Amino acid sequence: MKKVLIYFIIFVSLCAASGYGIDYLVYNKIDHQSPYYLSFASIGAISLESRLDCWVKINQKLSQDDLDRKSKEIFNDLGISWVDERVVRNNIDSDYMTSYTSQSDHINYTFTAETNTDKNETYLVLNVTSRDESHDLSRVEEKLKAGDLKWQYYYLYTGKLDHYVDQETRIELINVILQNLGANSSEVYEDQYMTSTTAYTPLFDNSVTVQNKKYNLQIAAKSVLQQQEAFIYIGQPLIIGDY
């Protein structure tokens, strides 16, 4: 009888320890998860893609050699190898253009550098995309800040719902995300298929000022009845491009 009691106590102890371990892993994972993905999860959306668009202007026209050197420095800061054989160079008159693509750890990098003789300027653009929600693209920003260039950073996170949502529901979904990110809606734009709002939250440092108003968050929900699905976009500080 004593042995049975001992076995029972051990069994209960193991179950309790196992339960604690599972709870710890779950909550620890949630605690370290991106606020964007948690926002998607809060409305039942699946994450499709995260994207980071960076660009910088250099107030001088770089030579082709300087352009190559600067491009290599950028990828060195990112910890990504630069393979000369994969570089595409185009010269138009006296201007230069260099493009390069690379993939590392399921993250895609597309880089373009271009000079402008008329304005005596050089433009660098880096697009980073990933479909793996375990990757935090803000680490790319941290690495770039180690260099000597003052990049501009715009993030876009795309999620999807496998059903149509009407105009009223789109507003409700956006409000849930705003609440999760500690933001208050400032401006709302909507039509038959799309609802978008700009807002500000103390959660992020990166922001823009438009007509004396500060923004660092834009959320949009788009749905078409014939497609029976809805897409959710979270931009920081704003959504750039078409969506």
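First things first, this report covers the structure right here in the doc. (Residues numbered from 1 in each chain as written. Predicted model: local features only at pLDDT ≥ 70, side-chain atom pairs only at ≥ 80, totals over all residues. Heavy atoms only, no water.)

A word on the packing of aromatic side chains
Counted under the stated rule, the structure contains nine aromatic pairs. Measuring from centroid to centroid gives 5.5 Å for Tyr 36 and Phe 204, while their planes differ by 5°, and the two rings are stacked. Taken as a pair, Tyr 36 in helix H2 (residues 35–42) and Phe 204 in the loop between strand E8 (194–200) and strand E9 (208–210) lie far apart in primary sequence, 168 residues in all. Classification of Tyr 36 as buried rests on a relative accessible area of 7%. Given a relative accessible area of 11%, Phe 204 falls into the buried group. Where Phe 75 meets Tyr 100, the ring centres are 5.1 Å apart and the plane angle is 85°; that geometry is what we call edge-to-face. (Phe/Tyr/Trp six-rings, centres within 6.5 Å; stacked < 30°, edge-to-face > 60°. Helix = DSSP H or I, 4+ residues; strand = E, 2+ residues; numbered from the N terminus. Buried < 20%, exposed > 50% of the residue type's maximum accessible area, 1.4 Å probe, protein only.)

Description of H2
By the burial criterion, the buried members of H2 are Tyr 36, Tyr 37, Ser 39 and Phe 40. Taken around the axis of H2, the buried residues stretch over an arc of 155°, which confines them to a single face. Of the surrounding secondary structure, the elements contacted by the buried residues of H2 are strand E1 (46–58), strand E6 (152–161), helix H5 (167–180) and strand E12 (229–236). Where H2 terminates, the next one or two residues include Gly 44, which has phi positive at roughly 80°. (Arc of directions from axis to C-beta. Contact = heavy atoms within 4.5 Å.)

Brief notes about the side chain of Ser 50
If you trace the backbone, Ser 50 turns up in strand E1. A polar side-chain atom of Ser 50 sits 3.3 Å from a polar atom in the side chain of Tyr 37. Non-local contacts of Ser 50, meaning those with residues more than four positions away in its chain, are made with Tyr 37, Val 128, Thr 129, Ser 130, Leu 137, Leu 156 and Tyr 157. (Polar contact = N/O pair within 3.5 Å; in protein donor to acceptor, adjacent residues only side chain to side chain.)

What to know about the sheet that holds strand E3 (residues 95–104)
Here we have 10 strands laid out as an open sheet, ordered E2-E3-E4-E5-E1-E6-E12-E11-E8-E7, and antiparallel in their pairing. Each of the sheet's edge strands pairs with one partner strand only, and the pair in question is strand E2 (88–92) and strand E7 (184–190). If you compare each strand with its neighbour and ignore which way they point, the axes differ by 15° on average. (Pairing = 2+ DSSP bridges. Axes fitted to C-alpha atoms, helices over the stretch in contact; angles between N-to-C directions.)

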